Protein chains: 2
Amino acid sequence: MEASRPDTATRILDVSERLFVEHGFEATSLRMITQQAEVNLAAVNYHFGSKDALFEAVFMRRLAPLIASCLAELDELETREEKLSVESLVTTFIRPCLALSKDPARGGALFVRLLSRTLVENHRLLRETISQQYSVFVQRYSRAFHHALPQLGVEELAWRMHFAFSVMFNAFAGNDVLKIFTRSQIVTARDPDMIVKYLVPFVVAGLVSPVEG
Amino acid sequence: MEASRPDTATRILDVSERLFVEHGFEATSLRMITQQAEVNLAAVNYHFGSKDALFEAVFMRRLAPLIASCLAELDELETREEKLSVESLVTTFIRPCLALSKDPARGGALFVRLLSRTLVENHRLLRETISQQYSVFVQRYSRAFHHALPQLGVEELAWRMHFAFSVMFNAFAGNDVLKIFTRSQIVTARDPDMIVKYLVPFVVAGLVSPVEG
DNA sequence: AAGCGTTTCAAACTTACGTTTTAATTTGAT
DNA sequence: ATCAAATTAAAACGTAAGTTTGAAACGCTT
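In this text the structure is predicted, and so the values were computed from the model without any measurement.

### Some words on the protein's contact with DNA strand C
By nearness alone, 15 residues border DNA strand C, and L30, R31 and K51 of chain A together with T8 and H47 of chain B come closest of all. In the interface set of DNA strand C, defined as its atoms within 4 Å of the protein, sugar plus phosphate atoms amount to 49%. Within the side chain of S29 of chain A, an N or O atom sits 3.2 Å from a phosphate oxygen of DNA strand C. In this structure, N45 of chain A approaches DNA strand C through a side-chain N or O atom, which is 3.4 Å from a phosphate oxygen. Of all elements in the fold, only α2 (30-37) of chain A together with α3 (42-48) of chain B reach the threshold of two or more residues within the surface near DNA strand C. Element by element, the count of residues in the surface near DNA strand C is highest for α3 of chain B, at 3 residues.

Here's what the structure looks like:
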C-alpha cells in the first residue's frame, strides 16, 4: 500500500532539493544526499555527471514550469483585459508561486526558498545558464508594468520592480528578517494564503505610489 | 606615505568580510583568507580559535554599532517629535544603513550584503547568539511602528514590518533579483543615495496603505 | 642584555570531499 | 534462455579542508 518508490534519479533530485535549501550548496555533501536518498554514492555522478550538474538539474526541474506558468497567466490576462491593473499583474506572478508553495509534489515551498537562496549566493548557474534562457521573463513583465504604470520613468519603474520582486521572493521564501530577533513572531510560510492576503496590498501600494516632485 | 598596515587580526577580519560576502561562508577557505591577508594560515586559529568563531567576530564587529546607531536615531526621534511619522521611522533605520554603505572604513556596503546573505542562509549564529542579544531592536521598532500605525492589527503590522525590512535589507545588499535575467539593468548599489530616493517612498507606501475590508 | 610572554611561521595531521574505477547486478529485447 | 546494455555497488583515489604542533622570531620590561 505504500506509494511506489521513485527511481534513483528522482530520489536524488528530491533529497537534493531539500538539503540544498537547508544547508546550502557548498555545505551539502554528496554523501549526505546519497545516504538520505538511499542510493549509492556513485549514483549522482552516474546520473548527473557532477555535483554542479546535479544542482542545475534540481533547479531547472522547478524553474521552467514556474516561469511558464507566470507567462501563461500574463498571456491570459493580456488577452482578457485591455488595460492591465497593477494588482492583476502582480497576481500573475504570485499565483504560480502560491500554487507551487502549496503543492508538495512539485517541491512545495522548498523551491522558492532554493531560488531565493541561490539569488543571494549568486551562483554561476544563475549568471550564465539562466540569465540567457529566461530574460524573456523580465522583458515581458517590464513591458507589462510599463503599460500599467505609464507615469513612471524607466529608472523609477526598474527600481520599483526590483523592490517588488525582492519582497515577493522573500515572502515566499520565508526569510523572515525579523524572526531572527524575535524568535518566530510570525509563523512564516505556514499558510501561503495568509502571505498573499498581506503581500499583495503591500506590493501594489509601493508600485502605484505617486512620484515625488 | 602608505597607510599604516593594520595588525594581523584586523587584516583577517577585513579580508574575511569581503570573501564571506563574495563566496559565502562554506566556500571561503582559511587558506584563501590567510593568503589574501598575507598572514600565516595558523593565525586564524591563534587569534580567533576557529573558523566559526572568526565568522562571529566578523559579524559582531559591524552589527553592534549598526544596531546602536539605529536605536540612537530612534531615541533622538522620539524625544524630538510627539507623533512619529512612518517615513521618519523608516529613515531611522535607513540612515545608519546608508552611512555604513558609504563608509569603506566600516566595511562599506559589504557588511549589509553579509547580513543579508547570512539571513537567508540562517546560520546557527543568527539563530542562537544574535537573537537573544538584539531582540530589543525589533521590540523597539515594533512599538514605534505600532504608535505610528495604530489602525493596524498586530498581525497585519507584523507582516508589513516583515515586508518592509525584507525589501530594505535586499536593497542595501544589492541582491538584484531582476538583474539575473536582464544582465545588470540597474547599476545596483553603486549610488546608495539613489537607492534611498526610490526605496523610502516604496516602503512607506506599503506600510501606510489602507487596510482592506 | 637577558628573560619572558606574545606572535609568527613552516609543516604535518586528520578528516571529509568530489570523483573515478572496476566488478557485480539488473533490465529488456531477441 | 541469452546476450548486451544499463544500472547499482564497493572500494579507492587524489585533493583540499580545518586544525594542531613545536620551533623560531618578535616585543617589551627589567
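### Here we look at the environment of S131 of chain A
All names here are of chain A. Note on placement: S131 falls in helix α7 (residues 124-133). When its relative accessible area of 5% is taken as the criterion, S131 is described as buried. For the pair S131 and A53, spaced 78 residues apart in sequence, the C-alpha separation works out to 17 Å.

### Quick notes on the interface of chain A and chain B
Taken together, the 56 residues of chain A in the interface contact 55 residues of chain B. Counting the surface lost from both chain A and chain B, the interface buries some 5400 Å², and carbon and sulfur atoms represent 73% of this. Counting across the chain A and chain B interface gives 0 salt bridges. Counting across the interface, chain A meets chain B through 2 residue pairs in polar contact (both at pLDDT 80 or more). A per-element tally of the side of chain A that touches chain B places helix α9 (residues 154-173) of chain A first, with 15 residues.

### Here we look at the protein's contact with DNA strand D
Close to DNA strand D lie 15 residues; T8 and H47 of chain A together with L30, R31 and K51 of chain B are nearest. In DNA strand D, atoms within 4 Å of the protein come from the sugar-phosphate backbone in 49% of cases. Note that a phosphate oxygen of DNA strand D is positioned 3.4 Å from one of the side-chain N or O atoms of N45 of chain B. Within the contact set of DNA strand D, a phosphate oxygen lies 2.7 Å away from a side-chain nitrogen or oxygen of K51 of chain B. Considering only residue class, the surface near DNA strand D consists of 5 nonpolar, 7 polar and 3 charged.

### Let's talk about unusual backbone geometry
In terms of backbone geometry, most residues other than glycine have negative phi values and most peptide bonds are trans. Phi at E38 of chain A is positive, roughly 55 degrees, even though this residue is not glycine. Structurally, E38 of chain A is set in the loop between α2 and α3 (43-48).

### Considering the side chain of T118 of chain A
Residues and elements named next belong to chain A. Its place among the elements puts T118 in helix α6 (residues 110-120). T118 gets classed as buried once you look at its relative accessible area, which sits at 1%. Within the local environment of T118, its side chain forms a polar contact with the backbone oxygen of L114, the two atoms lying 2.6 Å apart. Dropping the residues within four chain positions of it, T118 is found in contact with F55, F59, H123 and L126.

### A short note on the UniProt feature "domain: HTH tetR-type" (unreviewed entry) in chain A
Within this numbering scheme, the UniProt entry marks residues 6-66 of chain A as carrying the feature "domain: HTH tetR-type" (unreviewed entry). Secondary structure within residues 6-66 of chain A divides into 75% helix and 0% strand; the distance between the first and last C-alpha atoms comes to 22 Å.

### Description of the UniProt feature "DNA-binding region" (unreviewed entry) in chain A
Per the UniProt record, "DNA-binding region" (unreviewed entry) is found at residues 29-48 of chain A. When the span residues 29-48 of chain A is considered, its composition is 70% helix and 0% strand, and the gap between its end C-alpha atoms is 15 Å.

Calculation notes
Residues numbered from 1 in each chain as written. Chains lettered and ligands numbered in written order. Predicted model: local features only at pLDDT ≥ 70, side-chain atom pairs only at ≥ 80, totals over all residues. Heavy atoms only, no water. Near = heavy atom within 4 Å. Polar contact = N/O pair within 3.5 Å; in protein donor to acceptor, adjacent residues only side chain to side chain. Helix = DSSP H or I, 4+ residues; strand = E, 2+ residues; numbered from the N terminus. Buried < 20%, exposed > 50% of the residue type's maximum accessible area, 1.4 Å probe, protein only. Contact = heavy atoms within 4.5 Å. Buried area = accessible area lost by both parts, 1.4 Å probe. Salt bridge = Lys/Arg side-chain N within 4 Å of Asp/Glu carboxyl O. Nonpolar A, V, L, I, M, F, W, Y, C, P; charged D, E, K, R; others polar. UniProt positions renumbered as here; feature names shortened; annotations may be inferred.

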